[in-house]
Amino acid sequence: MSTLRMIAVGALLHVKQLSRSPFEIAIALFVPVVQATLAVYLFRAGGEPDRLLEAAVGAGLMGVWSTVLFGSGGAIQNQRWQGTLEMIMLAPRSPALVLLPVTLATGITGTYAMLATLAWGRLLYGIPLDFAHPVAFPVAVAGCIAGLGMFGLLLASGFVLLRHANALANMLEYPIWLVSGMLVPVTALPGWTGPVAAVLPTTWGARAVHEAASGGPVWPALAVCLAISLACLAAGWALMTYVEHRARVTATLALA
């Protein structure tokens, strides 16, 4: 119970911290709206106005992914700038357990991206929010965000080793959401992207959310998303433990 309480309190603390960052607020306010607008016009230009709800949902998923990716990288960078990264590595708890609330907080903050794109599409473009599975849709979104938060821990573990984590985040943003089928179906991409997409939790999370919106088997895709995310959580935990051990052995804990 103490571990769960620590994760919950830590996630709440970091959500409050993100909500007070001018940069994070600007990104959260404008990026989802821009992505939703581009997605709507893209589908209209392609002669598929009946898929506008899919476009709005896909744009929302893109916003969630961007928030998790940049939030994970930015969180580590912020800890480094504030001089608290070394304290995290020296905390009595495992560093991975201390960083997990940070990545979960970025996913929770990303919920706004989904709500904003759906509201923007409804109010400005009149997109009917007729979800095929209205009960399963919020569950799929919540499961997808939880999965992305665990995936974010793996990313954050790698970001600890980099002085310029944001550069890696910039490189990963568009390829991941494209290969994951958040806006463009995976079947429309080259065949070699299939195996890459199959091992990403973002692919299965996006599929579960799209199935809940358009109609289809939601739970199998969501189960695979959470299973892969748990594997990412275990890998991130192991990587963070290795980083801590390496820093102690080589006396290079001062990574800033």
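Provided above is the structure to which this section pertains.
Quick look at the structure, then. (Residues numbered from 1 in each chain as written. Predicted model: local features only at pLDDT ≥ 70, side-chain atom pairs only at ≥ 80, totals over all residues. Heavy atoms only, no water.)

1. Brief notes about the overall build of the protein
Counting secondary structure elements, the protein contains ten helices and zero strands. Moving toward the C terminus, one meets the helices and strands of the protein in the order α-α-α-α-α-α-α-α-α-α. In terms of overall size, the protein behaves like a compact globule, its C-alpha atoms giving a radius of gyration of 18 Å where 256 residues would be expected to give roughly 18 Å. Expressed along its principal axes, the backbone C-alpha trace of the protein runs to roughly 60 × 35 × 35 Å. In the protein, the proportion of contacts linking residues at least 24 apart, taken out of those at least 6 apart, comes to 80%. Roughly 12100 Å² of accessible area belongs to the protein as shown, and the carbon and sulfur atoms make up 73% of that amount. (Helix = DSSP H or I, 4+ residues; strand = E, 2+ residues; numbered from the N terminus. Rg over C-alpha atoms; globule rule 2.2 N^0.38 Å. Contact = heavy atoms within 4.5 Å. Areas by Shrake-Rupley, 256 points an atom, 1.4 Å probe, with all protein chains shown as cover.)

2. Side note on the nonpolar core
Formed by 66 residues in total, the largest nonpolar core has its most connected members in Val57, Leu61, Trp65, Met114, Leu118, Phe137 and Val209. Every element with two or more residues in this core is listed here: α2 (22–45), α3 (52–82), α4 (85–90), α5 (95–125), α6 (136–159), α7 (165–179), α9 (201–214) and α10 (218–249). Excluding residues within four positions of it along the chain, Val209 makes contact with Val57, Leu61, Met114, Phe137, Ala140, Val141 and Cys144. (Core = buried A, V, L, I, M, F, W, Y, C linked by side-chain atoms within 4.5 Å. Buried < 20%, exposed > 50% of the residue type's maximum accessible area, 1.4 Å probe, protein only.)

3. A closer look at the state of the cysteines
Under the defined criterion, the tally for this structure stands at zero disulfides. Among the cysteines around Cys144, which has no disulfide bond, Cys225 carries the closest sulfur, lying 5.4 Å off. Overall, the relative accessible area of 1% leaves Cys225 in the buried class. (Disulfide = S-S within 2.5 Å.)

4. Examining α6
For α6, built from 24 residues, the straight-helix expectation of 34 Å at 1.5 Å per residue is met to within 8% by its first-to-last C-alpha distance of 34 Å. Of all 24 residues in α6, 18 are buried, a share of seventy percent or more. (Expected span 1.5 Å × (residues − 1).)

5. So, the packing of helix α1 (residues 2–19) against α5
Put simply, α1 and α5 touch, their axes get as near as 8 Å, and they point 50° apart. Relative to α5, the element α1 lies oblique. Judged by the twist between their axes, the crossing of α1 over α5 is right-handed. On α5, the residues that touch Thr3, Met6, Ile7, Gly10, Ala11, His14, Val15 and Leu18 of α1 are Leu97, Val98, Leu100, Pro101, Val102, Leu104, Ala105, Thr106, Ile108 and Thr109. In the contact of α1 with α5, the residues fall into 13 nonpolar, five polar and no charged. (Axes fitted to C-alpha atoms, helices over the stretch in contact; angles between N-to-C directions. Parallel < 35°, antiparallel > 145°, perpendicular 65-115°, else oblique. Left-handed = near helix turned anticlockwise from the far one by under 90°. Nonpolar A, V, L, I, M, F, W, Y, C, P; charged D, E, K, R; others polar.)

6. Some words on the side chain of Thr203
Checked against the element boundaries, Thr203 lands in helix α9. Residue classification places Thr203 among the buried residues on the basis of a relative accessible area of 3%. Apart from the residues within four sequence positions on either side, Thr203 is in contact with Val179, Ser180, Val186 and Ala197.

7. Thoughts on α5
With 31 residues, α5 should cover 45 Å at 1.5 Å per step; its first-to-last C-alpha distance of 45 Å lies within 8% of that length. Where α5 terminates, the next one or two residues include Gly126, which has phi positive at roughly 65°.

8. Structural notes on a nonpolar patch on the surface
Together, Ile25, Leu29, Phe30 and Tyr112 make up an exposed nonpolar region whose accessible area comes to about 370 Å². Ranked by residues supplied to the nonpolar patch, first place goes to α2 with three residues. Following the sequence through the fold, Leu29 ends up in helix α2. Classification of Leu29 by relative accessible area gives partly exposed; the value is 41%. (Patch = residues over 30% accessible without salt bridge, like charges linked within 9 Å, V, L, I, M, F, W, Y side chains within 5 Å. Salt bridge = Lys/Arg side-chain N within 4 Å of Asp/Glu carboxyl O.)

9. What to know about the side chain of Thr193
Looking at the element boundaries, Thr193 is found in helix α8 (residues 193–198). By relative accessible area, Thr193 is classed as buried at 4%. Within the structure, the side chain of Thr193 is placed 2.6 Å from the backbone oxygen of Pro190, a separation counted as a polar contact. (Polar contact = N/O pair within 3.5 Å; in protein donor to acceptor, adjacent residues only side chain to side chain.)

Limitation: the analysis is restricted to geometry and does not speak to function.
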